[in-house]
Amino acid sequence: MKNLGILLSGRGSNFEAIAKNVAAGKICDARISIVISNRTDAGGVAKARELALETLVLPSKGKAREEHDREVVAALQNHKVDLVCLAGYMRLLSPWFVKQFPHRILNIHPSLLPAFPGLEAQEQAFAYGVKVAGCTVHFVDEELDHGPIIVQKAISVLDNDDEKTLAARILEQEHIAYSEAINLVLHGAYDLIGRKLVVKSMQK
Ligand code: GRF
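Residues numbered from 1 in each chain as written. Predicted model: local features only at pLDDT ≥ 70, side-chain atom pairs only at ≥ 80, totals over all residues. Heavy atoms only, no water.

**Focus: the site of the ligand**
For clarity, the threshold we go by: When we say a residue is near a molecule or strand, we mean one of its heavy atoms is within 4 Å of it. The accessible surface values rely on the Shrake-Rupley method and a 1.4 Å probe; as for residues, cover is taken only from the protein chains in view. Starting at the N terminus, helices and strands are each numbered in turn, a helix being any DSSP run of H or I of at least four residues and a strand any DSSP run of E of at least two. Residues are grouped as follows: nonpolar covers Ala, Val, Leu, Ile, Met, Phe, Trp, Tyr, Cys and Pro; charged covers Asp, Glu, Lys and Arg; every other residue, Gly included, is treated as polar. The domain boundaries here were taken from an automatic or database domain assignment.
The environment of the ligand is made up of Arg11, Gly12, Ser13, Asn14, Gly88, Ile108, His109, Pro110, Gln122 and Glu174. For the ligand, the protein covers 87% of the area, taking 360 Å² as the surface of the free molecule. Counting residues per element, the ones that place at least two in the shell around the ligand are helix H1 (13-23) and strand S5 (105-109). Counted by class, the shell around the ligand contains 2 nonpolar, 6 polar and 2 charged residues. Built from parts of two domains, the shell around the ligand gets at least three residues from each of domain 1 (1-101) and domain 2 (107-204).

Below you can see the structure in the form of structure tokens.
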């Protein structure tokens with residue numbers, strides 16, 4: 001049984017999708033051992049409590065990055081976390097944090113990276129006039145929205161889309177992509193050749 005640690009700062013719909021798939025056995029041999037938020041008012045915190053999951057708020061405001069990261073990593077280690085999933089966690093991790101979990105931290109980003117890193121990726125894509133948009137689950141490295149890609153899902157941008165409808169359809173794909181990526185990283189045999197993830201097989 002592998003332990004997932006979820007870090008979030010906001011509404012927590014990706015976390016919810018992961019929790020649902022864990023409960024349904026679609027993410028196999030895994031459980032969520034801790035949900036950590038850096039914001040007290042995050043919707044994801046309330047959801048995690050409703051689901052009776054171990055939940056911790058570690059406010060980051062006014063704290064130096066690494067000081068806060070040390071608190072978060074200590075909590076993850078206390079809960080024996082094998083894989084850290086950033087699910088709308090609005091903080092850059094310090095290089096020190098990244099080193100504590102080599103290739104064991106995932107992030108989801110609402111664009112087809114390397115296009116549109118950073119904030120409001122869906123709005124950036126819409127304003128740019130792209131015809132294809134999507135989401136990316138990737139390993140976290142020291143740079144923003146940058147590590148090797150694990151799963152991407154693409155959708156067409158429709159003529160009658162606006163920023164909101166586009167973001168909503170990307171979000172549907174995010175909810176599928178994240179669980180796929182978690183299964184792959186936890187139970188898959190893959191090689192990382194430079195930045196390139198090559199899947200060899202999946203074990204149940
Ligand atoms: C998602 O769009 C995710 O890709 C990005 O932040 C948003 C979080 O949404 N990193 P939610 O809190 O999971 O609903």
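**Examining helix H5 (residues 121-128)**
Our working definition: Accessibility here uses a 1.4 Å probe with only protein chains present; expressed as a share of the type maximum, an area under 20% marks a residue as buried, one over 50% as exposed, and anything in between as partly exposed. Each C-beta atom gives one direction from the helix axis, and the arc is the one those directions make.
Restricting attention to buried positions, one finds in H5 the residues Ala121, Gln122 and Ala125. For H5, the angular spread of buried residues about the axis comes to 100°, placing them on one side. Phi for glycine 129, located one or two positions after H5, is positive at around 85°.

**Observations concerning the side chain of histidine 138**
We count it as follows: Here, two residues are considered to be in contact whenever any of their heavy atoms come within 4.5 Å of each other.
Topologically, histidine 138 is positioned in strand S6 (residues 132-139). Of the residues examined, histidine 138 reaches a relative accessible area of 2% and is grouped as buried. Residue contacts for histidine 138: discarding those within four places in its chain leaves Ile105, Leu106, Asn107, Leu113, Asp145, His146, Gly147, Pro148, Ile149 and Ile150.

**Things to note about the domain arrangement of the protein chain**
Convention followed: As a working definition, buried area equals the accessible area (1.4 Å probe) given up by two parts on being put together, with both sides summed. A pair is scored as a salt bridge if a Lys or Arg side-chain nitrogen falls within 4 Å of a carboxyl oxygen belonging to Asp or Glu.
Looking at the protein chain, the domain boundaries give domain 1 (1-101) and domain 2 (107-204). On the side of domain 2, 17 residues touch domain 1, which itself brings 22 residues to the contact. When domain 1 packs against domain 2, close to 1800 Å² is buried across both sides, 68% of that on carbon and sulfur atoms. Contact with domain 2 buries area across many residues of domain 1, yet Asn14, Cys28 and Leu86 alone supply 27% of it, more than any other trio. Summed over the shared surface of domain 1 and domain 2, the number is 0 salt bridges.

**Description of the pairing of S5**
For clarity, the threshold we go by: Note on pairing: DSSP must find at least two bridges between two strands before they are called paired. When the strands point away from the viewer, a crossover counts as right-handed if the route from the first strand across the helix to the second turns clockwise.
Counting buried residues along S5, 5 of its 5 residues qualify, which places the element largely inside the surrounding structure. Residues Ile105, Asn107 and His109 line one face of S5 and the alternating positions Leu106 and Ile108 line the opposite face, and both faces are buried. In this structure, strand S4 (residues 83-86) lies alongside S5, joined through 3 bridges in parallel fashion. Within S5, the residue paired with leucine 86 across the bridge is asparagine 107. Handedness of the S4-helix H4 (residues 95-100)-S5 crossover: right-handed. Bridge count between S5 and S6: 4 bridges; the pairing is antiparallel. Within the sheet, the bridge partner assigned to histidine 109 lies in S6 and is threonine 136.

**Some words on the nonpolar core**
Worth spelling out the cut-off: Residues belong to a common nonpolar core when they are buried Ala, Val, Leu, Ile, Met, Phe, Trp, Tyr or Cys residues joined through side-chain atoms within 4.5 Å.
Leu106 and Ile182 are the most contacted members of the largest nonpolar core, which totals 42 residues. In terms of residues, this core owes the most to one element, helix H6 (residues 163-187), which gives 9 residues. The residues that make up this core include at least three from each of domain 1 (1-101) and domain 2 (107-204). With 18 residues, the next largest nonpolar core counts Ala75, Val84, Leu93 and Ile105 among its residues.

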